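Structural overview for review
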Amino acid sequence: MGFLRHRGDDQVGERFLMREKLLAIGDDFWIENEQGERAYKVNGKAFRLRQTFVLENAAGDEVARIQERKLTIRDKIAIERGGDTAATVHKALVGIRDRFAIDVEHGDDMKAHGNVLDHEYEIERDGDTVATVSKKWFRVRESYGVDVAAGEDTALILAITVAIDSLTSRD
C-alpha cells in the first residue's frame, strides 16, 4: 500500500500509526507514517495540576500542546499552538456516548463520532470526513491508524486524536 492512496481521481492524504493506551503522564511515544518512519513524537509532560502532551515534529519542534482543562463542568482538552488555543475537544452534551465536539478557534468546528473506545471513528467538518481512525489497517498490537485527508492540517488532526484518546482513557 502506498503512502498516498487514491480514491477515484481524488488523492487521499497520509496514514499514521498510533499507539493505544500509552497516554500516561510522563510517557513518550512516536507516531509513525506508513513506511514505519517516525513522523511526530507525543511527549507526555508531567505537570502537577493537569495532564499535558506536546506534539513535536520529527525534528523536535513543538507543533501543538495538548492540555487538559480541569476547572470546567465537563472534561475538555485544549490544543495550543504558539501560546494560543487552536482547538478545544470535549464530549458532546448530547446523550450519545461516543461523540466529541471539536471547537476550532480560527476555522470551522469539527466533530468526532463512531466507536471511539475501540478506535473506529471519523472526524468530520461540515459533513466531510477529514480523518478516519481505525484498528483495521495495521496488525500491530495495541495500535490504530489515523488516515488524514489530503489538504488537512495533519498536526492538528493528530493532536485531536491524542486529545480524544486522553479523554476516553479515563472512562
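Overview of the structure. (Residues numbered from 1 in each chain as written. Predicted model: local features only at pLDDT ≥ 70, side-chain atom pairs only at ≥ 80, totals over all residues. Heavy atoms only, no water.)

**Things to note about the layout of surface pockets**
Using the following cut-off: In this analysis, the protein atoms alone were mapped onto a 1 Å grid. Cavities are point sets where a 1.4 Å probe fits without being able to get out; pockets are open sets with protein on both sides within 12 Å along at least five of seven lines; lining residues have an atom within 4 Å of a point. Grid points are joined across faces, edges and corners, and a volume is the space filled by probe spheres set on the points.
The computed volume of the second largest pocket comes to approximately 150 Å³. In this structure, the second largest pocket is lined by Arg81, Ala86, Val104, Glu105, His106, Gly107, Asp108, Met110, Arg125, Glu152, Asp153 and Leu156.

**A few points about the nonpolar core**
In globular proteins that are soluble, nonpolar side chains generally tend to be buried together. Basically, it comes down to this: For this analysis, a nonpolar core means a set of buried residues of the types Ala, Val, Leu, Ile, Met, Phe, Trp, Tyr and Cys, connected via side-chain atoms within 4.5 Å. We call a residue buried when its accessible area falls under 20% of the maximum for its residue type, exposed when it is over 50%, and partly exposed in between, using a 1.4 Å probe and counting protein chains only. Only DSSP runs of H or I with at least four residues qualify as helices, and only runs of E with at least two residues qualify as strands; both kinds are numbered from the N terminus onward. Between two residues, a contact is recorded if the distance between any of their heavy atoms is within 4.5 Å.
Core analysis: the biggest nonpolar cluster contains 39 residues, and Leu55 and Ile123 have the highest contact counts within it. Per-element tally for this core: the top contributor is helix α1 (residues 154–168), with ten residues. Contacts of Leu55, omitting those with residues within four sequence positions, involve Ile31, Tyr40, Lys41, Val42, Asp61, Glu62, Val63, Ala64, Ile66, Ala155, Leu158 and Ala159.

**A short note on the pattern of salt bridges**
Threshold: The term salt bridge refers to a pairing of a side-chain nitrogen on Lys or Arg with a carboxyl oxygen on Asp or Glu at a separation within 4 Å.
Under the criterion given, the structure shown has five salt bridges. Residue Glu152 is joined to Arg125 by a salt bridge in which the shortest nitrogen-to-oxygen separation is 2.6 Å. With Glu152 in the loop between β14 (143–148) and α1 and Arg125 in strand β12 (residues 120–125), the pair connects residues that are 27 residues apart, well separated along the chain. When salt bridges with common partners are traced through the structure, they connect Arg15, Glu34 and Asp147 into a single cluster.

**Digging into the pairing of strand β10 (residues 99–104)**
Rules: One bridge is not enough; two strands pair if DSSP finds at least two bridges between them.
The pairing of strand β9 (residues 84–91) with β10 spans five bridges and is classified as antiparallel. Considered in β10, the bridge of Val89 is made with Ile102. The sheet contact formed by β10 and strand β11 (residues 110–115) spans four bridges and is antiparallel. Across the sheet, the residue bridging to Arg99 is His113, located in β11.

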